[in-house]
Amino acid sequence: MSIEPALSLEDLVARQTPGMSLEQPFYTDPSIFERDLERIVAKQWLFVDHVSAIPNPGDVITYEIAGESIILVRGRDNEVRAFFNVCRHRGSRICLKAKDNVRTLTCPYHAWVYDLEGQLIRATLMPEDFKPEDWPLFACQVRVWQGLMFINLAKEGDPDVIDFDEIEQSFAPYIEPYRLDSSKIIAIKDYPTDGNWKLAVENFRECYHCAPAHPEYTMVNAYVTDGNRDRPARDKVVEAWAAEWEAKGHVTRGLRPWGEGQNDKQPIGVFRQPIRDGSVTLSEDGQPVAPLMGDLKQWDGGETLLIFGPLFYVYLANDHATLFRFTPVNATHTEVIVTWLVRGDAQEGRDYDVDKVVWMWDVTTVEDTKIIGDNQLGVNSRRYEPGVYSARERGTIGFVAWYLGRMGGKPVSDDAATCA
Ligand code: FES
Ligand SMILES: [Fe+2]
């Protein structure tokens, strides 16, 4: 179904009801998907990959998002740069592979040659007054932080883009001790998801579905059942854990997403909590599956969720990190890539077993692709109508309110809250 002919997107946004899921076109209509890309995706700092994906000068990866192909390349000076994959001659794609190592960036069409810093260094048979220095590749904003590479498709100074420093300052105390910059990738898995990107995000931002849909996750994480049974009792457990570990110098309390003092450009947040009594990590038996990450000296049994806006999430356990990258592909399909990291000097077989590290999020993400796909199929129905979110879907309510705000609706209110 598409937008009713007489109805503008603005009208459609304005008539959505707070606390309820969106009307069908938001999850199915290609023209709304295009606006999502323009108004939201093209304004976000987007995670691309871990720095170890391009360790050497000349290493190149490309990332396809929002109709663009972006080149990330490590220069001879070891700096990571990003460029739009668009030749300055007549616009051809330059890098055609997802991963490569090159001496120059050479366009396959008429062989214009750019150096790794994006300068045009060779173009044959051009007019005499042609100056190669006037035709560098179009730079894309890029930031490398804590070993994570981010790009932003917007032009520098775009008022809709959050200052990346704000993300760094907010997250530094939570993420720095894990030293993701010196950690290593042990697994990357692709979970093609047949759902609109907002259904994937809505699902990721609530745990109302955890007990019915994720038996493994529910077994590992006490908050799922404890929070359903007796929320005040669960809050007391979290508070006691936080007080104990704060006294030992650990950062324990989260930064509330979508809350007071938060920007409405790229909503960020941190959620931190104990996993389960007697468990120190997110493994099947709660016991370590890899050495302590980075600068950590003790197991505190906590897990951290860092929310870098709607499309990138980092889960930190004491001995491994799990990165979730969502890439909207079309109105009903989302690419979900999950990457696992452990301490850089850990050795497979001696210090960790990949299957044990990836177990919980792998099985959980497979289940998520299924429930998101089924959600999309139901939403496609002639009879679908928006439904009411529960008290355990506050993160989802917050996301949808923020989304509507970015699409021209009322500004995000402070009552749109944190993880359920
Ligand atoms: S389009 Fe690239 S060299 Fe012609
Ligand atoms: Fe889930």
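Trainee: Explanation requested: the overall build of the protein in the structure shown.
Mentor: When its secondary structure is counted, the protein shows 11 helices and 16 strands. Evaluated residue by residue, the protein yields a buried proportion of 55% over its 420 residues. Of the contacts made within the protein by residues no fewer than 6 positions apart, 66% connect residues no fewer than 24 positions apart. For the protein, the computed accessible surface area is about 18,500 Å², with 50% contributed by carbon and sulfur atoms.

Trainee: Quick question: what am I supposed to make of the domain arrangement of the protein here?
Mentor: The accessible area lost on association of the parts is a frequent measure of interface size. We note that the domain assignment places domain 1 (46-145) and domain 2 (164-406) within the protein. On a C-alpha basis, the centres of domain 1 and domain 2 stand 33 Å from each other. The partner domain 2 presents 20 residues to the 12 residues of domain 1 that form the contact. Here domain 1 packs against domain 2, burying approximately 1,300 Å² in sum over the two surfaces, 67% of which is carbon and sulfur. Where domain 1 packs against domain 2, one counts 2 salt bridges. Between Arg143 and Asp165 there is a salt bridge, and its shortest N-O distance comes to 2.8 Å. Scanning the region where domain 1 abuts domain 2 turns up 5 residue pairs in polar contact (both at pLDDT 80 or more). Those elements giving two or more residues to the side of domain 1 that touches domain 2 turn out to be β1 (46-50), β2 (59-65) and β9 (141-145). Looking at which element gives the most residues to the side of domain 1 that touches domain 2, the answer is β1, with 5 residues. Residue composition of the side of domain 1 that touches domain 2, grouped by class: 7 nonpolar, 2 polar and 3 charged.

Trainee: Which parts of the structure should I look at to understand the state of the cysteines?
Mentor: Cysteine pairs can be covalently joined through their sulfur atoms, and such a bond is termed a disulfide. On inspection of all chains with the given rule, the structure shows 1 disulfide. The disulfide bridge from Cys207 ends at Cys210, spanning 1.9 Å between sulfur atoms. Because the torsion about its S-S bond is -110°, the bridge between Cys207 and Cys210 counts as left-handed. We note that Cys207, like Cys210, is buried. Cys95 forms no disulfide, and the closest cysteine sulfur to it belongs to Cys107, at a distance of 9.6 Å. The exposure class of Cys107 is buried, given its relative accessible area of 3%.

Trainee: What should I look at first to understand the sheet that holds β1 in this one?
Mentor: Through backbone hydrogen bonds, the strands of a sheet pair up, either in parallel or in antiparallel fashion. Spatial strand order, β1-β10-β9: 3 strands in an open sheet with antiparallel pairing. Strands at the two margins of the open sheet, each flanked by one partner only, are β1 and β9. The average angle at which neighbouring strand axes cross in this sheet is 25°, direction not considered. Relative to strand β10 (residues 148-152), β1 is paired through 4 bridges, and the arrangement is antiparallel. Within the sheet, the bridge partner assigned to Leu46 lies in β10 and is Ile151. Most of the contacts of helix α4 (residues 164-175) go to β9, to which it runs at about 15°, and overall it touches β9 and β10.

Trainee: Help me out: how do you make sense of the nonpolar core in this one?
Mentor: Nonpolar side chains in soluble globular proteins generally cluster together in the buried interior. Core analysis: the largest hydrophobic core is formed by 79 residues, its most contacted members being Phe26, Leu72, Ile151, Tyr217, Trp340 and Tyr403. Here this core takes 8 residues from helix α10 (residues 354-379), the largest share from any one element. If you count residues domain by domain, this core takes at least three from each of domain 1 (46-145) and domain 2 (164-406). Membership of the second largest hydrophobic core comes to 29 residues, among which are Ile175, Leu296, Leu323 and Leu341.

Trainee: Help me out: how do you make sense of helix α5 (residues 197-204) in this one?
Mentor: For the α-helix, the turn length of 3.6 residues means that residues three or four positions removed from each other point alike. For α5, the buried fraction is high: 8 of the 8 residues fall into the buried class. Buried residues of α5: Trp197, Lys198, Leu199, Ala200, Val201, Glu202, Asn203 and Phe204, and no others. Measuring from the backbone nitrogen of Lys198 back to the side-chain oxygen at the start of α5 gives 2.8 Å, which picks out Asn196 as the cap.

Trainee: Where do I start with empty space enclosed by the protein in this structure?
Mentor: Taken as a whole and assessed by the stated rule, the structure comprises 4 cavities of 30 Å³ or more. When its volume is computed, the largest cavity comes out at roughly 240 Å³. Forming the boundary of the largest cavity are 21 residues, of which Phe204, Glu206, Tyr217, Tyr223 and Tyr315 lie nearest the centre. When contributions to the lining of the largest cavity are tallied by element, the ones reaching two or more residues are α5, β12 (268-274), β13 (302-308) and α10. Residue composition of the lining of the largest cavity, grouped by class: 11 nonpolar, 6 polar and 4 charged. What the second largest cavity holds in volume is close to 80 Å³.

Trainee: Would you explain the coordination of the iron ion (ligand 2) in this entry?
Mentor: Binding of the iron ion (ligand 2) to the protein goes through His209 (NE2), His214 (NE2), Asp368 (OD) and Asp368 (OD), at separations of 2.1 to 2.6 Å. Ordering the donors of the iron ion (ligand 2) by residue number gives the pattern H-x4-H-x153-D. Just as His209 is buried, His214 falls in that class too.

Trainee: Would you take a moment to explain the sheet that holds strand β3 (residues 68-74) for this structure?
Mentor: Taken in spatial order, the 4 strands make up an open sheet running β4-β3-β2-β5, and their pairing is antiparallel. Looking at strand neighbours, the two that pair on one side only are β4 (80-84) and β5 (99-101), the edges of this open sheet. Neighbour to neighbour, the strand axes of the sheet diverge by 25° on average, direction disregarded. Relative to β5, β2 runs antiparallel, the two sharing 3 bridges. Within the sheet, the bridge partner assigned to Val60 lies in β5 and is Asp100.

Reading the values: the criteria
- Residues numbered from 1 in each chain as written.
- Chains lettered and ligands numbered in written order.
- Predicted model: local features only at pLDDT ≥ 70, side-chain atom pairs only at ≥ 80, totals over all residues.
- Heavy atoms only, no water.
- Helix = DSSP H or I, 4+ residues; strand = E, 2+ residues; numbered from the N terminus.
- Buried < 20%, exposed > 50% of the residue type's maximum accessible area, 1.4 Å probe, protein only.
- Contact = heavy atoms within 4.5 Å.
- Areas by Shrake-Rupley, 256 points an atom, 1.4 Å probe, with all protein chains shown as cover.
- Domains from an automatic or database assignment.
- Buried area = accessible area lost by both parts, 1.4 Å probe.
- Salt bridge = Lys/Arg side-chain N within 4 Å of Asp/Glu carboxyl O.
- Polar contact = N/O pair within 3.5 Å; in protein donor to acceptor, adjacent residues only side chain to side chain.
- Nonpolar A, V, L, I, M, F, W, Y, C, P; charged D, E, K, R; others polar.
- Disulfide = S-S within 2.5 Å.
- Pairing = 2+ DSSP bridges.
- Axes fitted to C-alpha atoms, helices over the stretch in contact; angles between N-to-C directions.
- Core = buried A, V, L, I, M, F, W, Y, C linked by side-chain atoms within 4.5 Å.
- 1 Å grid on protein atoms, 1.4 Å probe; cavity = no way out; pocket = protein on both sides within 12 Å on 5 of 7 lines; lining within 4 Å.
- Points joined across faces, edges and corners; volume = space filled by probe spheres on them.
- Donors = N, O, S within 2.8 Å, 3.2 Å for Na, K, Ca; no water.

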